[in-house]
Amino acid sequence: MKKSVSYPVYCILFSLLTTLSCQNKNNKPTSEQKWWKEAVVYQIYPRSFKDSDGDGVGDLKGIISKLDYIKSLGVDAVWLNPIYSSPNDDNGYDVSDYRNIMKDFGTMTDFDSLLSGLHKRGIKLVMDFVLNHSSDEHEWFKQSKSSRTNPYRDYYHWWNADRPKPAPRYSLFDVNHDAWKYDSASNAYYLHYFSKKQPDLNWENPKVRKEIFDMMKFWADKGIDGFRLDAFQFAAKDTSFPAFPKGYEQDFVKYYAMGPHLHDYLKEMNKEIFSKYDVMSVAEGAGNSFEDAHNLVDEDRKELGMAYAFEAVDIAKQSGYSLLHFKEVFSKWDSVFAQKGWLAIFLANHDQARLVSRFGNDSAAFREPSSKMLTTFLMTMRGTPYYYNGDELGMTNAGFTDIKQYKDMATLNEYQNQKNIGGDLPSFMKIIQFSCRDNGRTPFQWNNTANAGFTTGVPWLSINSNYATINQEAQEKDPNSVLNYFRKAVKLRKDNPVLVYGKYTLLEKNDPNVYAYVRELDGRKLLIILNFTSRRVSTNLGMYINRARKIALGNYTTPSTDGTLQPYEAVVYEL
Ligand code: GLC
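Reading the values: rules and limits
- Residues numbered from 1 in each chain as written.
- Predicted model: local features only at pLDDT ≥ 70, side-chain atom pairs only at ≥ 80, totals over all residues.
- Heavy atoms only, no water.
- Helix = DSSP H or I, 4+ residues; strand = E, 2+ residues; numbered from the N terminus.
- Rg over C-alpha atoms; globule rule 2.2 N^0.38 Å.
- Buried < 20%, exposed > 50% of the residue type's maximum accessible area, 1.4 Å probe, protein only.
- Contact = heavy atoms within 4.5 Å.
- Areas by Shrake-Rupley, 256 points an atom, 1.4 Å probe, with all protein chains shown as cover.
- Lys, Arg positive; Asp, Glu negative; His and termini not counted.
- Charge placed at Lys NZ, Arg CZ, Asp CG, Glu CD.
- Pairing = 2+ DSSP bridges.
- Axes fitted to C-alpha atoms, helices over the stretch in contact; angles between N-to-C directions.
- Parallel < 35°, antiparallel > 145°, perpendicular 65-115°, else oblique.
- Left-handed = near helix turned anticlockwise from the far one by under 90°.
- Nonpolar A, V, L, I, M, F, W, Y, C, P; charged D, E, K, R; others polar.
- Near = heavy atom within 4 Å.
- Polar contact = N/O pair within 3.5 Å; in protein donor to acceptor, adjacent residues only side chain to side chain.
- Domains from an automatic or database assignment.
- Buried area = accessible area lost by both parts, 1.4 Å probe.
- Salt bridge = Lys/Arg side-chain N within 4 Å of Asp/Glu carboxyl O.

1. Considerations on the overall build of the protein
(1) Moving on: What the protein contains, in helices and strands, is 20 helices and 20 strands.
(2) Moving on: Taken over C-alpha atoms, the radius of gyration comes to 24 Å for the protein, in line with the 25 Å a tight globule of 575 residues would show.
(3) Moving on: In terms of overall dimensions, the protein has C-alpha extents of about 75 × 60 × 50 Å along its principal axes.
(4) Moving on: Expressed as a percentage of its 575 residues, the buried residues of the protein come to 61%.
(5) Moving on: For the protein, the proportion of contacts with a sequence separation of at least 24, taken over those separated by at least 6, is 70%.
(6) Moving on: Summing over all exposed atoms, the protein offers an accessible surface of approximately 21900 Å²; the carbon and sulfur share of this is 50%.
(7) Moving on: Each charge class in the protein was averaged separately, 71 positive and 70 negative side chains, and the resulting centres sit 3 Å apart.

Next comes the structure, spelled out in structure tokens:
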């Protein structure tokens, strides 16, 4: 789903105008201070974090047993992937009961203990809400499919098969990528943008919206601190389902995102929920342009709090990526949001392969310095950093070689599709080795005992074979470990509001090896220099470095001071 998006000229103009018109005299951001802007969010994939009962699946009690570890990281909030009742076609992103906990994960009592355990430690909880679709095993869908006249019929999108088949819609996870699934019970097709077990909810129906807002209130009343709205940019639809031009599926987001009444639905949600509870809100995806992204989070519009855009994350390809492109993307998003609105900063999550394998270098020689360098980047940019569990250890892609090792439904369905159409399976295997979501979902590596200390049973997804060397217990003992560096980087951010709100200025824009920028607020200035290569490189930054008062953070015990940088060296200077 995360397609790269292109930005037409009008958006660039829009960005310039926004920047100029919102600039105040001191060049200080005008956006209000909020806890969620100052937070570091740590994302936990519950299935893979810690298993407490030996069934091979991580669970809530497992997370509870690791609360002190989470606290020790210094993070402010946890984003938990979905934990509601689910038949697990898509690991919980197919919800069958929004007010209950998935059996594999535990009970509502466990949830209450988790929430109070987090709160006792001063950590907030952001829940993942799957609102674009439910499971086909949700009671609403069971009713809906039972007959054309059932009161729940309009909770989903149906197209009676008495008429010719509707215009094609692309399903991301379907074996044939056909989003219209025929159902004989009522001789009709239902719509599913994701798998056939994830029918799309009909947001155009006010009853659906009310049900969903009531469910959100249920969780907000429990005291949770935020909502991540899964795939929400796709919720609103033109229900006449017009035909799209040939090849539309190549630009899925352009055709499907930001449907006709999306902003109205978000305004309703804001009125019902966000205006009444002190919760943060972030939707997955930010539309097709800067303008879309802005409109989602412009404070005056009263919709969402923070934009989560994919353009940067999509840059990393198996063949590598260009640092110039990377710098350009981050710099342009920063400039558009410099004065108004707020961004999430991330390079990994549960839908991506591992941070160090995609954006760094996971070879034995460079895994540590490149992990630390990427952490430095994430913790020193403007926006709220989202950091995915396991990346703080520098966990790497598993790179499974046999399709039987993979569990991700999207990958398995695509494998089947490739087989059906006579695709090149060896090439497909190479692609998924690098990019399959399972790479980022292998169980957390706690120690070097059996199954990395994740479970006493058979893990639901194989453990990465490098757990004997890459694990939390070993890294606790090493003051220079990737883990301990992550803690220092988080602390640096927490101690320096300049890293949260400060102005960002890119230096040496055309240097293809080094990313350097200054962050500045109220006279305090930090200079961040990052070598994105595995070579020693020279820079033109000597004059800045000479002015530096001290090093605030660095990933080498002996940093270079002569204007050159060691492989993947990262240094934060106080100017
Ligand atoms: C989002 C989730 C992803 C899920 C999909 C369908 O992209 O992040 O994991 O498969 O939505 O719910």
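2. Structural notes on the sheet that holds strand β14 (residues 503-507)
(1) Moving on: The five strands lie next to each other as β14-β15-β16-β20-β18, forming an open sheet whose pairing is antiparallel. At either end of the open sheet lies a strand with only one pairing partner, and these are β14 and β18 (550-554). Between one strand axis and the next, the sheet turns by 20° as a mean value, whatever way the strands run.
(2) Moving on: The pairing of strand β15 (residues 514-521) with strand β16 (residues 524-531) spans eight bridges and is classified as antiparallel. Along β16, the bridge assignment pairs Leu-521 with Arg-524.

3. Details of the packing of helix α11 (residues 290-297) against helix α12 (residues 323-336)
Each pair of packed helices can be described by the angle between their axes along with the distance between the axes.
(1) Moving on: Two elements in contact, α11 and α12, have axes whose closest approach is 11 Å; the angle formed by their N-to-C orientations is 45°. Classed by the angle they form, the pair α11 and α12 counts as oblique. Seen from above, α11 lies across α12 with right-handed handedness. Here α11 contributes Phe-290, Ala-293 and His-294 to the contact with α12, which in turn contributes Lys-332, Trp-333 and Val-336.
(2) Moving on: Taken together, the residues of the contact of α11 with α12 break down into four nonpolar, one polar and one charged.

4. Considering the site of the ligand
(1) Moving on: Taken together, 15 residues are adjacent to the ligand, and Asp-90, Asp-230, Glu-284, His-350 and Asp-351 come closest.
(2) Moving on: Measuring from an oxygen atom of the ligand, one finds a side-chain N or O atom of Arg-437 at 3.0 Å.
(3) Moving on: Coverage of the ligand by the protein chains reaches 99% of its 310 Å² of free accessible surface.

5. A few points about the domain arrangement of the protein
Interfaces are often sized by the accessible area lost when the parts come together.
(1) Moving on: Each assigned domain of the protein is listed with its residue range as follows: domain 1 (10-132 + 205-397 + 466-489), domain 2 (139-191) and domain 3 (503-574).
(2) Moving on: At the junction of the two partners, domain 1 supplies 18 residues and domain 2 supplies 15 residues.
(3) Moving on: With both chains or domains summed, domain 1 and domain 2 bury close to 1500 Å², and 64% of this area falls on carbon and sulfur atoms.
(4) Moving on: When the buried area of domain 1 at its contact with domain 2 is split by residue, Glu-211, Phe-241 and Phe-252 rank highest and sum to 36% of it.
(5) Moving on: One can count zero salt bridges joining domain 1 with domain 2.
(6) Moving on: Counting the contacts that link domain 1 with domain 2 gives six residue pairs in polar contact (both at pLDDT 80 or more).
(7) Moving on: Taken together, the elements giving at least two residues each to the side of domain 1 that touches domain 2 come down to α8 (206-222) and α9 (252-256).

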